[in-house]
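Residue-level structural notes
Residues per chain, in single letters:
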Amino acid sequence: MPTQDFASPLPDLRALLEGLPDAFLALDAHWRVVYANGNAIRFAARPAAEVIGANLWALYPEILGTIFEERAQLVMRERLVTEFEAYFSPRASWIGVRAFPYQDGVAVHFRDVTARHGQERRARALQDITTALMRPLGRDDVLTAVFRHAVPALGASVGSVALTAPDGAHVEVFRLDPLSERRPVRSAFRHALTEHVPVVTAMRERRTLLLRREDVRRDYPRFAPSTSPATVAYAIVPLEFDERVVGALILSFVDESTFAQIDLAFVTSVAAQCATALERARLAGEVDVERALVGRVLDELPVGVMLVERDSGRTRWVNRAMHDLIRPEDLLRTLPWLGELGEADTGQDAFEVEVTRSDGTPSWLSCRVALVREEDGALLTVVTASDVTERREVEARVRELNSSLEQRVRERTRQLEALNEELEAFSYGVSHDLRAPVRHVLSFLGLLRRSLTPPVDERAQRYLDIAEGAASRMNGLIDDLLAMARSAQEPVVRAPVALGPLVEQVRADVQLGAGERHLTWRVAALPTVEGDAGLLRQVLTNLLGNAVKYSRTRDEAVVEVWADVTDAEVRVFVRDNGVGFDPRYASRLFGVFQRLHRAEEFEGNGVGLANVKRIVQRHGGRVWAESSPGEGATFSFSLPR
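By convention here, each chain's residues receive numbers from 1 onward along its written sequence. Restriction of local features to residues with pLDDT of at least 70 applies here, the model being predicted, together with a cutoff of 80 or more for giving and counting side-chain atom pairs; totals for whole chains, interfaces and linings are based on all residues. Calculation of side-chain values draws on the structure's entire complement of heavy atoms; hydrogens and water are dropped beforehand.

1. Some thoughts on the overall build of the protein chain
We count a stretch as a helix when DSSP gives it H or I for four or more residues in a row; a strand needs E for two or more, and each element gets its number in order from the N terminus. Looking only at helices and strands, one finds 19 helices and 23 strands in the protein chain. Across the 641 residues that make up the protein chain, the buried fraction comes to 39%. For the protein chain, the proportion of contacts with a sequence separation of at least 24, taken over those separated by at least 6, is 53%. Surface exposure here means Shrake-Rupley accessible area, sampled with a 1.4 Å probe, where a residue is shielded only by the protein chains that are shown. Within the structure as shown, the protein chain displays about 36200 Å² of accessible surface, and the carbon and sulfur contribution to it stands at 53%. Using a 1.4 Å probe on the protein chains alone, a residue whose accessible area is under 20% of its type maximum counts as buried, one over 50% counts as exposed, and one in between counts as partly exposed. Contacts are assigned to residue pairs with any non-hydrogen atoms lying within 4.5 Å of each other.

Written out as structure tokens, the structure is:
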């Protein structure tokens, strides 16, 4: 039936059907096409004269036995309405069909839904790819997922992935093993990043290359011979992660139509997924290497290390040293409270526990416990342990020795204290007992001098002078010994002592004893110290008196006093410009009766500096002296802060 006959009952029906955005055709009871609008004619890709009046099954014999024939027969027979979507092989398209009874035949309304089907297929494929790549995977697993999911979804017949080689100067190409099709293998292709090949161009210029076979032959003549004869086109997509090219996805097409329909947005999205997964795999590989290294390092440590999942109590990892120390399960039984630890409870000082070692011997372990939060939020208990059995045994022996030594020290101290008391009593007694005879000698020498009738013989006068001088020196020595004995017996009464005023008082006394001598004093600001003011006055009197005495050969005597304060002590210095002494004999200066100068040159008996040393030591300090002959001397002492 001609087209106009189908539309004649309604003059406007033709315009209505021609204005439809979809295809429409009508079939009579014998499956002849009685009407087809313009879109249906265009879909058939044939002249209208060949379509109108033709038998549907003669036009498209390929659909016999398919869902198209099945549903058409259903409508024709049962007079029902049916809707479905199916792949229409004659046009290599997906179409959506709505068929319904019309008069004694069938009317068909259909549209090309290939684009939507492609989008849905790509969306499903992208979801499958994303799901496959979301799991923690190694590089080979990522490549396998790309080959199995991404390559088919992109419509390619063959796919491969180029990755930057470890040397950073080449790219290596991987493909699915053609024998097992289960794992990727490195192909024979390896290109320097300076070569003129498509994959290097795509990576260097960071752009997708769509190349037909003739493009490859023209633009890459040296590479063309290595291509497959069956491949008609290539798509090479750079794999970029964080603005860095890590490789390229290479797709080979044997169907020109498939290549012509390639969706670049979809390809780019898949490439981004692949790049992210490959980079994640690379980082995971580095982490695995680092973990393995850390594991080897921890295994070599002499300290035992054990990782325990806090919540489950499962032992995650134990190093060799811990196995040598104790069975992990035995240590966990020894520390049953590990599972109750909170983050605030970790980081405490080491504690020691008595355990039974793996070989059955008892021992002591020094342990530390810390909690580490993993990436998923789970808490991991870290236990470290070291064997301190030998140290504890040594400590026990040391305590025994210390107890014995302390007892011996106490006994020795009592002996020394008793001996010192006896010596001091003896010194005091001897000095006191000597005083009376010396006083008698001086008295009788005075009487003898007065009894002599003038003029006294010069020789006798000299003898009397020598005898009186010796007796006077003996009397001074006895006085000094008595003072030293008293200073040893007097308790040290500690209190804050301002050294500045004390030095000024002593200086005034020493200046008075120097008579008409011209003395220059240079006294710096001095600190306050803790000590006995009376005893410290004796120290300063001795040091300043010696400085004045041993500088009397100078036209102008200069005495300097200053102090130096540190965190631990206060050091006081007294310097003069006197005759000095030989530093080789400095250690003798602070001994009793030790003198470095003759009595004819400088008076004294060698007791004063010994008393200085004793007083300073009783304060917990020390004394020392520095000098060179003829260049003066510096005497110093320190007091603890």
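2. Regarding the nonpolar core
Nonpolar side chains tend to gather and get buried jointly when the protein is soluble and globular. Only buried Ala, Val, Leu, Ile, Met, Phe, Trp, Tyr and Cys residues count toward a nonpolar core, and they belong to the same one when joined by side-chain atoms within 4.5 Å. If you look at the biggest cluster of nonpolar residues, it comprises 39 residues, and the most contacted ones within it are Leu-543, Leu-544, Phe-635 and Phe-637. Listed by contribution, the elements that provide at least two residues to this core are helix H17 (499–513), strand S18 (519–523), helix H18 (533–549), strand S20 (557–565), strand S21 (569–576), helix H19 (608–618), strand S22 (622–627) and strand S23 (633–640). By residue number, the principal contributor to this core is H18, which donates 8 residues. If we ignore the near neighbours within four places in the chain, the residues touching Leu-543 are Val-574, Leu-609, Val-612, Phe-635 and Phe-637. In this structure, Ala-156, Phe-253, Phe-266 and Val-270 belong to the second largest nonpolar core, which totals 36 residues.

3. Regarding the pairing of S23
The element S23 is largely enclosed, with a buried count of 7 among its 8 residues. By definition, two strands form a pair when at least two bridges between them are found by DSSP. As paired elements, S22 and S23 share 6 bridges and run antiparallel to each other. Bridge pairing in S23 links Glu-626 to Thr-634. Between the end of S22 and the start of S23, which pair antiparallel, lie 5 residues, with Gly-630 showing a positive phi angle near 80°.

4. Let's talk about the sheet that holds S21
Judged by pairing direction, the sheet is mixed, and its 5 strands sit side by side in the order S18-S20-S21-S23-S22 without closing on themselves. The sheet terminates laterally at S18 and S22, the two strands that pair on one side only. For this sheet, the mean angle separating the axes of adjacent strands, direction not counted, is 15°. Of the pairings in the sheet, the one linking S20 to S21 comprises 7 bridges and is antiparallel in character. Residue pairing in the sheet places Ala-563 in a bridge with Val-572 of S21. As a rule, the C-alpha atoms of each element are fitted with a line to give its axis, helices using only the stretch in contact, and angles between N-to-C directions run from 0 to 180 degrees. Strands in contact with H18 are S18, S20, S21 and S23; relative to S23, the strand with the most contacts, it is inclined by about 170°. Across the sheet, H19 is in contact with S22 and S23; its angle to S22 comes to roughly 140°.

5. Side note on the sheet that holds strand S1 (residues 23–27)
Taken in spatial order, the 5 strands make up an open sheet running S2-S1-S5-S4-S3, and their pairing is antiparallel. Unpaired on one side and paired on the other, strand S2 (33–36) and strand S3 (82–88) mark the two borders of the sheet. With direction set aside, neighbouring strand axes in the sheet form an average angle of 25°. Note that S3 and strand S4 (residues 93–102) share 7 bridges and pair antiparallel. Looking at the pairing, Ala-86 lines up with Ile-95 of S4. Sheet strands touched by helix H7 (residues 114–134): S3, S4 and strand S5 (105–112). Its angle to S4, the strand with the most contacts, is close to 130°.

6. Things to note about helix H6 (residues 67–78)
An α-helical turn contains 3.6 residues, so any two residues separated by three or four positions project in the same direction. Here, expected helix span is obtained from the residue count minus one, scaled by 1.5 Å. Between its terminal C-alpha atoms H6 stretches 16 Å, which fits the 16 Å expected from 12 residues at 1.5 Å a residue. Three or more residues of H6 are buried, namely Phe-68, Ala-72, Val-75 and Met-76. All buried residues of H6 lie within an arc of 95° about the axis, which places them on one face of the element. For H6, the exposed residues lying more than 90 degrees away from the buried face are Glu-70 and Arg-77. If you follow the buried residues of H6, they end up packed against helix H5 (56–59), S3, S4 and S5. The directions considered for the arc are those from the helix axis to the C-beta atoms.

7. What to know about the packing of aromatic side chains
Only Phe, Tyr and Trp rings are paired, with Trp represented by its six-membered ring, and only when their centres lie within 6.5 Å; those with planes under 30 degrees apart are stacked, over 60 edge-to-face, the remainder tilted. Inspection of every chain in the model, using the stated rule, returns 11 aromatic pairs. Consider the rings of Phe-43 and Phe-88, whose centres lie 5.6 Å apart with planes at 45°: the pair is tilted. Taken together, the residues span a long stretch of sequence, with Phe-43 in helix H3 (residues 38–44) and Phe-88 in strand S3 at a distance of 45 residues. Phe-88 matches Phe-43 in its accessibility class, with the two residues each being buried. With a centroid separation of 5.4 Å and 80° between ring planes, the pair formed by Phe-68 and Phe-88 is classed as edge-to-face. Remark: Phe-88 occurs in strand S3 and Phe-68 occurs in helix H6; sequence separation between them is 20 residues.

8. What to know about the environment of Leu-298
Take Leu-298: it is sitting in helix H12 (residues 264–300). Once the C-alpha coordinates of Leu-298 and Asn-319 are considered, the two residues, 21 residues apart in sequence, prove to be 6.4 Å apart. Discounting chain neighbours no more than four positions away, the residues touching Leu-298 are Trp-317 and Asn-319.

9. Observations concerning unusual backbone geometry
A positive phi angle, near 70°, is found at Trp-31, a position not held by glycine. Note that Trp-31 resides in the loop between S1 and S2. The class of Trp-31 is buried, set by a relative accessible area of 10%. Despite not being glycine, Arg-206 has its phi angle at roughly 55°, a positive value. Considering the arrangement of structural elements, one finds Arg-206 in the loop between helix H9 (198–205) and strand S9 (209–212). Judged by its relative accessible area of 43%, Arg-206 is partly exposed.

10. A word on the packing of H7 against helix H8 (residues 139–153)
Two numbers describe how H7 lies on H8: the axes approach to 9 Å, and their chain directions differ by 175°. For the element pair H7 / H8, the angle class is roughly antiparallel. Across from Arg-121, Ala-125, Asp-128, Ile-129, Ala-132 and Leu-133 in H7, the residues of H8 making contact are Val-142, Ala-145, His-149, Ala-150 and Ala-153. Residue classes follow a fixed rule: Ala, Val, Leu, Ile, Met, Phe, Trp, Tyr, Cys and Pro count as nonpolar, while Asp, Glu, Lys and Arg count as charged, and any other residue, Gly among them, counts as polar. In the contact of H7 with H8, the residues fall into 8 nonpolar, 1 polar and 2 charged. Oblique is the label for every angle not falling under 35 degrees (roughly parallel), over 145 degrees (roughly antiparallel), or within 65 to 115 degrees (roughly perpendicular).

11. Observations concerning the environment of Arg-316
Mapped onto the fold, Arg-316 is located in strand S13 (residues 315–318). On the basis of relative accessibility, which here comes to 35%, the residue Arg-316 falls in the partly exposed class. Sequence separation between Arg-316 and Thr-381 is 65 residues; the distance between their C-alpha atoms is 9.6 Å. In this structure Arg-316 touches Leu-307, Val-308, Glu-309, Glu-374 and Leu-380, once residues within four positions along its chain are discounted. For the purposes of these results, a polar contact is taken to be a pair of N or O atoms within 3.5 Å, where, inside protein, one atom must be able to donate a hydrogen and its partner to accept one; residues adjacent in sequence count only when each atom of the pair is a side-chain atom. A polar side-chain atom of Arg-316 sits 3.2 Å from a polar atom in the side chain of Glu-309.

12. Observations concerning the pattern of salt bridges
We define a salt bridge as a side-chain nitrogen of Lys or Arg found within 4 Å of a carboxyl oxygen belonging to Asp or Glu. Within this structure, the stated rule accounts for 31 salt bridges. Its salt-bridge partner being Arg-111, residue Asp-22 comes within 2.7 Å of it at the nearest N-O pair. Of this pair, Asp-22 sits in the loop between helix H2 (13–18) and S1 while Arg-111 sits in strand S5, placing them 89 residues apart in sequence. Given a relative accessible area of 10%, Asp-22 falls into the buried group. Taking relative accessible area as the criterion, Arg-111 reaches 43% and is therefore assigned partly exposed. A salt bridge links Asp-215 to Arg-218, with the nearest nitrogen and oxygen atoms 3.3 Å apart.

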